[in-house]
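# Architecture at a glance
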Amino acid sequence: MITVVGTGTGAPVPAAVLAGAALVVGGRRHLDAVPLPEGAARIELGPLAPALDKVAEYVGEELPVVVLASGDPGFFGIVRALAERFGSGLLDVRPGVSSVATAFARIGLPWDDAVVVSAHGRELRTAVNVCRARPKVAVLTGPGAGPAELGAALPADRTLVVASALGDPERERVERVTPAQAAARDWGTAVNVVLCLDETRALGAVRTVAGTPPPDRWALDEDAFTHRDSMISKFEVRALALARLGPRPGDLVWDVGAGSGSVAVECARLGAAVVAVEKAADGVGRIRANADAHGVYVDVVHGTAPPALDGLDDPDAVFVGGGGRELAAVVTACARRARRTVVVALAALDRVPAAREALTAAGFACDGVLLQSSRLAPLPGDVTRLAATNPVFLLWGVRTPASSEGVVQ
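This report concerns the structure included in the present document. On a predicted model such as this, the values are computed, not experimentally measured, just so you know. (Residues numbered from 1 in each chain as written. Predicted model: local features only at pLDDT ≥ 70, side-chain atom pairs only at ≥ 80, totals over all residues. Heavy atoms only, no water.)

### Quick look at the sheet that holds strand 3 (residues 41-44)
- Sheet architecture is open: 5 strands sit in the order 3-2-4-1-5, paired in parallel fashion. Strand pairing shows two members of the sheet lacking a second neighbour, strand 3 and strand 5 (91-94), which therefore form its edges. In this sheet, neighbouring strand axes are inclined to one another by 20° on average, regardless of whether the strands run parallel or antiparallel.
- With 6 bridges joining them, strand 1 (residues 2-7) and strand 4 (residues 65-70) adopt parallel strand pairing. Looking across to strand 4, one finds that threonine 7 is bridged to serine 70.
- On the sheet, helix 3 (residues 48-60) packs against strand 1, strand 2 (23-26), strand 3 and strand 4 and is oriented at approximately 160° with respect to strand 2. (Pairing = 2+ DSSP bridges. Helix = DSSP H or I, 4+ residues; strand = E, 2+ residues; numbered from the N terminus. Axes fitted to C-alpha atoms, helices over the stretch in contact; angles between N-to-C directions. Contact = heavy atoms within 4.5 Å.)

### Section: the side chain of aspartate 113
- With respect to the element layout, aspartate 113 can be found in the loop between helix 5 (99-106) and strand 6 (115-118).
- Residue aspartate 113 is classed as buried on the basis of its relative accessible area, which comes to 7%.
- Within polar-contact distance, the side chain of aspartate 113 engages the side chain of lysine 136 at 2.8 Å.
- Among residues more than four places away in sequence, those in contact with aspartate 113 are Lys136, Ala202, Leu203, Gly204, Arg207, Gly211 and Thr212. (Buried < 20%, exposed > 50% of the residue type's maximum accessible area, 1.4 Å probe, protein only. Polar contact = N/O pair within 3.5 Å; in protein donor to acceptor, adjacent residues only side chain to side chain.)

### Considerations on the sheet that holds strand 7 (residues 136-140)
- Taken together, the 5 strands give an open sheet; going across it, the order is 6-7-10-8-9, and neighbouring strands pair in mixed fashion. Every other strand in the sheet has two partners, leaving strand 6 and strand 9 (173-177) as the edge strands with one partner each. Adjacent strand axes in the sheet meet at a mean angle of 20°, parallel and antiparallel pairs treated alike.
- As paired strands, strand 6 and strand 7 are joined by 4 bridges and run parallel to one another. Among the inter-strand pairings, serine 118 is bridged to a residue of strand 7, identified as leucine 140.
- The strands touched by helix 5 within the sheet are strand 6, strand 7, strand 8 (159-164), strand 9 and strand 10 (191-197), with strand 10 carrying the most contacts at an inclination of about 55°.
- Docked against the sheet, helix 6 (residues 124-133) engages strand 6, strand 7 and strand 10, running at close to 165° with respect to strand 7.

### Looking at the environment of alanine 268
- Relative to the assigned elements, alanine 268 resides in helix 10 (residues 262-269).
- Taking C-alpha positions, alanine 268 is 7.0 Å from valine 298, a pair spaced 30 residues apart along the chain.
- Dropping the residues within four chain positions of it, alanine 268 is found in contact with Arg134, Val274, Val296, Tyr297 and Val298.

### Notes on the pairing of strand 13 (residues 299-302)
- Pairing of strand 12 (residues 273-278) with strand 13, which is carried by 4 bridges, proceeds in the parallel orientation. Each residue of the ladder has a partner; that of glutamate 278, found in strand 13, is histidine 302.
- One crossover worth recording links strand 12 to the parallel strand 13 by way of helix 11 (residues 281-293), and it is right-handed. (Right-handed = clockwise from strand over helix to strand, strands pointing away.)

Nothing here speaks to function; it is geometry throughout.
See below:
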């Protein structure tokens, strides 16, 4: 039997759990905090594979093993690796309070509406994009992915709460800092978790389902957005564009030539971090108003593409809804940077070949459709006709494995 004990946030390890253990496994601070049974072997966790191999030796001889872990070991913890290797039936898990729950408790906030993302041993950009998109995020940190790195990548309107050495009566610290302050410090190795908050929305709505549920619907009607003279992607177009973009938590999406920002807002509602690029000053205001109206955050850049794209982080997906005579150059610039896909909406037939060539030249597999829909429209006399909408070409390019080397980092 392998007994897995959550500790490190103030809960002591019961002596009865340790008694009789032939092998005790854990981080140095956990091992140093408990008296080992006489004759028990000790393994300090570093690389996981050698520790699991040693555990396997003791399990094979039916000797009892105790694994000490931080907080709740079933929450982004070692329980997954142990269950995959030895089977869940061999585990006796004694969870402690997770560092995430403890950190939110320290600042007096509920966390049923928080998004939790692990940056420990994982790519930091996913955590950064979740923090950009959501008002309440807990980031489990690791080497190279701590408060300083997060602070350097996040907008100034966020607040970071850095929780270190949770549960240690002498060393515990919970500090509120700006991203710039976080970026300027060396935080050492005692950080447990970093909370990223948009404090204007930190309380959030009452939840029935924990976390941030997906929106109830998408491809919203045009009247759900403020727009100018019907200059907005129609919902039929947006429905297919969203399907091809595939926005999700952890992604960064560009909406280039955003207009009213309807695509940007819909991507943000689906959990992605979004940058909307718009050259018209009144358009910038509309995008921000539409984002506010739907309770999402969209980073709006006032400028003309392609130059306005310089300095932006590389996106996972891009929607190009404008470009005019510079469309081919805009699509080319987006295709050089996009990690996954580029979707282009065009009303003009004569610009389709140039956009398609820009995508294929960048190594994308390109496809597309002409969308031509007719909507039900009432007529006097309680009858209905079909009202045709303007046809729109939708092209999409998907990066092939061979073209991934061309992504600008």
